[in-house]
Amino acid sequence: MRTRNSVWIAPWTFSLLALLPLFFASCSVLFVSPYDEVTDRAATELVTKTEIFIVRYAATTDETGHTVRRGKPYDAEAATFYTEARGTAAGMLLRSEQEAKNEEEIQILRNLSTRYDQLEASHRLGSITKTSAAGLHRTLRALVQVQLTKKHIATSKEATSASASNP
């Protein structure tokens, strides 16, 4: 049995449900700064250059921990790498500090510069090892994870906006 009110409630409810995704898409709250392609690209390039450097300079050990290949000693090329890596990190930090809600990325970039300092100091004393580079690897992974998260959020938001505007 239908009542007169049920006819009026159904169109009103349907209209509300249809507008709900649009409301949420336009009023989303971001807890991180927006995705920045320039910073993402710089982070990716820095990770690649660092990995290449470590492969070239680090000592290699076997399963038992015995050195199979001695690492390359600290030299002028290594000094240049560390200087450029810290400069890249400083440039990304300067850019990241301009965005609101970017504290995590800023802290990671500050730690990154310190990790390069620590690895360089260790390298001056002897060969780079997986252990001496572990802190730098963790920090680089954290930076990449932040960039991937921001990119995912931006991509999801674009998809939501596109689907909300094209019913």
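Preceding block: the structure.
Draft legend 1. The nonpolar core, seen in detail. Judged by nonpolar contacts, the single largest core of 26 residues is most densely connected at Phe53, Tyr82, Leu112, Tyr116, Ile128, Leu136 and Leu143. Going through the elements one at a time, α2 (37–57), α3 (76–96), α4 (103–125) and α5 (130–165) are the ones with two or more residues in this core. The leading source of residues in this core is α3, at seven residues. Not counting chain neighbours up to four residues away, the residues in contact with Tyr82 comprise Phe53, Tyr74, Tyr116, Leu119, Glu120, His123 and Ile128.

Draft legend 2. Here's a closer look at the packing of α2 against α3. α3 packs onto α2 with a crossing angle of 160° between their chain directions and a minimal axis gap of 11 Å. For the element pair α2 / α3, the angle class is roughly antiparallel. Considering only the axes of α2 and α3, their crossing is left-handed. Between α2 and α3, the contacting residues are Val38, Thr39, Ala42, Ala43, Leu46, Lys49, Thr50, Phe53, Arg56 and Tyr57 on the first element and Glu77, Ala78, Phe81, Tyr82, Ala85, Thr88, Met92, Arg95 and Ser96 on the second. In terms of residue class, the contact of α2 with α3 is built from eleven nonpolar, four polar and four charged.

Draft legend 3. Expanded view of the pattern of salt bridges. Taken as a whole and judged by the stated rule, the model has nine salt bridges. Glu37 is the partner of Arg41 in a salt bridge, and the nearest nitrogen-oxygen pair spans 3.3 Å. Here Glu37 and Arg41 lie together in helix α2, a separation of four residues that amounts to about one turn. By relative accessible area, which is 43% here, Arg41 ends up partly exposed. Through salt bridges with shared partners, one network takes in Arg86, Asp117, Glu120 and Arg124.

Scoring rules and cut-offs
- Residues numbered from 1 in each chain as written.
- Predicted model: local features only at pLDDT ≥ 70, side-chain atom pairs only at ≥ 80, totals over all residues.
- Heavy atoms only, no water.
- Core = buried A, V, L, I, M, F, W, Y, C linked by side-chain atoms within 4.5 Å.
- Buried < 20%, exposed > 50% of the residue type's maximum accessible area, 1.4 Å probe, protein only.
- Helix = DSSP H or I, 4+ residues; strand = E, 2+ residues; numbered from the N terminus.
- Contact = heavy atoms within 4.5 Å.
- Axes fitted to C-alpha atoms, helices over the stretch in contact; angles between N-to-C directions.
- Parallel < 35°, antiparallel > 145°, perpendicular 65-115°, else oblique.
- Left-handed = near helix turned anticlockwise from the far one by under 90°.
- Nonpolar A, V, L, I, M, F, W, Y, C, P; charged D, E, K, R; others polar.
- Salt bridge = Lys/Arg side-chain N within 4 Å of Asp/Glu carboxyl O.

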